[in-house]
Amino acid sequence: MTQLIKPEEMDVVFDRPQFYVDQGHHWCPGCGYGVLPRIFNEEFDKLGPEARIIGVVDIGCISQLPPMLSIEMTGCGHGRALAVATGIKRILPDVIVCVFIGDGGVLMEGLNETFHAGARAENISVFMFNNGVLADTGGQLTMSGSVGLPTSTSPKGRTVEQHGHPIKVAEMLATMPGVGYVGRVSTHDPVHVYRAQKVISDAFRCQVEGGGLAFVDMLTTCPTSWSMTPVQANKFQGEVIVSQNPVGVIKPLAGADGDRRKGWP
Ligand code: SF4
């Protein structure tokens with residue numbers, strides 16, 4: 001006969017992060033953004049209660065993120081998040097400053113801000129929620145969208161002939177001396193979500209160590225704009241998008257320990 005264990009006698013192997021706010025969210029069912037708030041809240045926990053953390057959130061579906069993060073947050077005009085974060089970090093250099101922005105904000109409205117912040121070696125951590133579309137305005141293709149991605153402006157899938165090549169902003173930033181860390185992650189299955197947390201953690205570590213701009217390209221699904229079910233979207237991301245955008249550490253942290261982190265952490 002199976003011996004039942006009382007709850008008070010169980011070992012805790014999975015618990016709520018200190019900062020977690022259980023309010024649900026406004027994203028569509030199956031949205032690839034959904035697994036990321038927990039990761040960030042766990043990383044905020046690791047930074048400790050004495051750490052002051054300020055987030056800057058850009059425009060788009062990403063703007064629904066603040067209620068799920070119990071840190072100080074501010075908004076900004078579309079594509080201006082890195083510029084606003086620059087101002088906060090320069091006024092409050094001891095504060096951990098992070099940017100939550102979509103691929104539209106980074107690659108369309110804010111490409112200028114993105115590269116100039118890298119050139120200036122701004123000591124901030126930037127997280128690009130990358131689903132290849134401007135989702136909140138109708139699902140138009142962005143310059144990060146993979147070849148083959150169906151969107152409202154590429155209903156038969158992106159083609160190089162009609163839409164041009166995707167811009168690999170993470171690889172381009174990695175060439176800049178002011179950028180201290182670059183990674184790319186995906187959220188389409190549990191293994192990749194686990195790996196994503198290691199990369200996100202190192203993006204905060206880069207800032208704590210004064211390493212310059214840290215940038216993480218976070219591949220996420222948008223089943224609504226892609227006209228797919230959540231299962232189809234995750235499959236498409238794993239088979240098509242990740243094959244065109246290899247995940248892992250693109251530019252490791254500096255120093256011996258950083259060198260150890262080449263490839264997957
Ligand atoms: S439109 Fe796309 S990105 Fe926006 S909440 Fe819905 S699934 Fe997520």
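What you see is a predicted model; the values in this text were computed from it and never measured. Counting restarts for each chain: residues are numbered from 1 in the order of the written sequence. Note on the predicted model: pLDDT of at least 70 is required for a residue's local features to be given, and 80 or more for side-chain atom pairs to be given and counted; whole-chain, interface and lining totals, by contrast, use all residues. Just so you know, side-chain values use all the structure's heavy atoms and leave hydrogens and water out.

### Things to note about the site of the ligand
Then comes step 1: Every residue near the ligand is listed here: Trp27, Cys28, Cys31, Cys61, Asn131, Ala135, Cys222, Pro223 and Thr224.
Then comes step 2: Looking at the shell around the ligand residue by residue, the class counts come to seven nonpolar, two polar and no charged. Near residues are defined by distance, with any heavy atom within 4 Å of the molecule or strand qualifying the residue. Amino acids are sorted into nonpolar (Ala, Val, Leu, Ile, Met, Phe, Trp, Tyr, Cys and Pro), charged (Asp, Glu, Lys and Arg) and polar (every other residue, Gly among them).

### Digging into the confidence of the model for the protein chain
Then comes step 1: With 92% of its residues at a pLDDT of 70 or more, the protein chain has an overall mean of 91.
Then comes step 2: Counting contacts from residues 258-265, a segment whose pLDDT is below 50, to residues more than four positions away or on other chains yields 17 contacts. A residue's pLDDT is the predictor's confidence in that residue, given on a scale from 0 to 100. Residue contacts are counted whenever heavy atoms from the two residues lie within 4.5 Å of one another.

### Regarding the sheet that holds strand β3 (residues 96-102)
Then comes step 1: Strands pair, by our definition, only if DSSP identifies at least two bridges between them. Secondary structure elements follow DSSP: runs of H or I no shorter than four residues count as helices, runs of E no shorter than two count as strands, and numbering proceeds from the N terminus. Strand order in the open sheet made by the seven strands is β2-β1-β3-β4-β8-β7-β9, with mixed pairing throughout. Edge positions in the sheet fall to β2 (72-74) and β9 (248-251), since each has one partner strand and no second. Each neighbouring strand pair of the sheet contributes to a mean axis angle of 20°, computed without reference to strand direction.
Then comes step 2: Pairing of β3 with strand β4 (residues 125-130) involves five bridges; the strand directions are parallel. For helices, the fitted line uses only the C-alpha atoms of the stretch in contact; every axis is such a line through C-alpha atoms, and the angle between N-to-C directions lies from 0 to 180 degrees.

### Overview of the nonpolar core
Then comes step 1: Ranked by internal contacts, the top residues of the largest apolar core, which has 33 residues, are Phe40, Phe44, Phe100, Phe127, Phe129 and Met218.
Then comes step 2: Among the secondary structure elements, those contributing two or more residues to this core are α1 (36-47), β1 (53-57), β3, β4, β7 (179-186), α7 (190-208) and β8 (213-219).
Then comes step 3: It is α7 that contributes the most residues to this core, seven residues altogether.
Then comes step 4: Only buried residues count toward a nonpolar core. Its members are Ala, Val, Leu, Ile, Met, Phe, Trp, Tyr and Cys residues joined through side-chain atoms within 4.5 Å. Buried, partly exposed and exposed residues are distinguished by accessible area as a fraction of the type maximum, computed with a 1.4 Å probe on protein chains only: under 20%, between the cut-offs, and over 50%, respectively. In terms of nonpolar packing, the next biggest core, distinct from the first, is built from 26 residues, Val97, Leu107, Met128 and Ala170 among them.

### Considering helix α9 (residues 230-244)
Then comes step 1: Here α9 is 15 residues long and its end C-alpha atoms lie 20 Å apart, about the 21 Å a rise of 1.5 Å per residue gives.
Then comes step 2: Where α9 bends most, at glutamine 237, the angle is about 40°.
Then comes step 3: Here α9 has its buried residues at Ala233, Phe236, Gln237, Ile241 and Val242. In a helix, the anticipated span is given by 1.5 Å times the number of residues less one. At any given residue, the bend is defined as the angle formed between two axes, one fitted to the seven residues that end at that position and one fitted to the seven that begin there.

### Comments concerning the pattern of salt bridges
Then comes step 1: Between Lys or Arg on one side and Asp or Glu on the other, a salt bridge is scored when a side-chain nitrogen of the former is within 4 Å of a carboxyl oxygen of the latter. With the rule as written, the count across this model stands at eleven salt bridges.
Then comes step 2: In this structure, arginine 184 engages aspartate 217 in a salt bridge whose closest nitrogen and oxygen atoms are separated by 2.8 Å. With a gap of 33 residues between them, arginine 184 in strand β7 and aspartate 217 in strand β8 connect regions that are remote in the sequence. Across the pair, exposure class does not vary: arginine 184 and aspartate 217 are buried alike.
Then comes step 3: Here lysine 235 and glutamate 239 are joined by a salt bridge, their closest N and O atoms 3.2 Å apart. In this pair, lysine 235 and glutamate 239 are both assigned in helix α9, four residues apart and thus about one turn of the helix distant.
Then comes step 4: Judged by its relative accessible area of 49%, lysine 235 falls in the partly exposed class.
Then comes step 5: The structure contains a network of salt bridges with shared partners spanning Arg90, Arg120 and Glu122.

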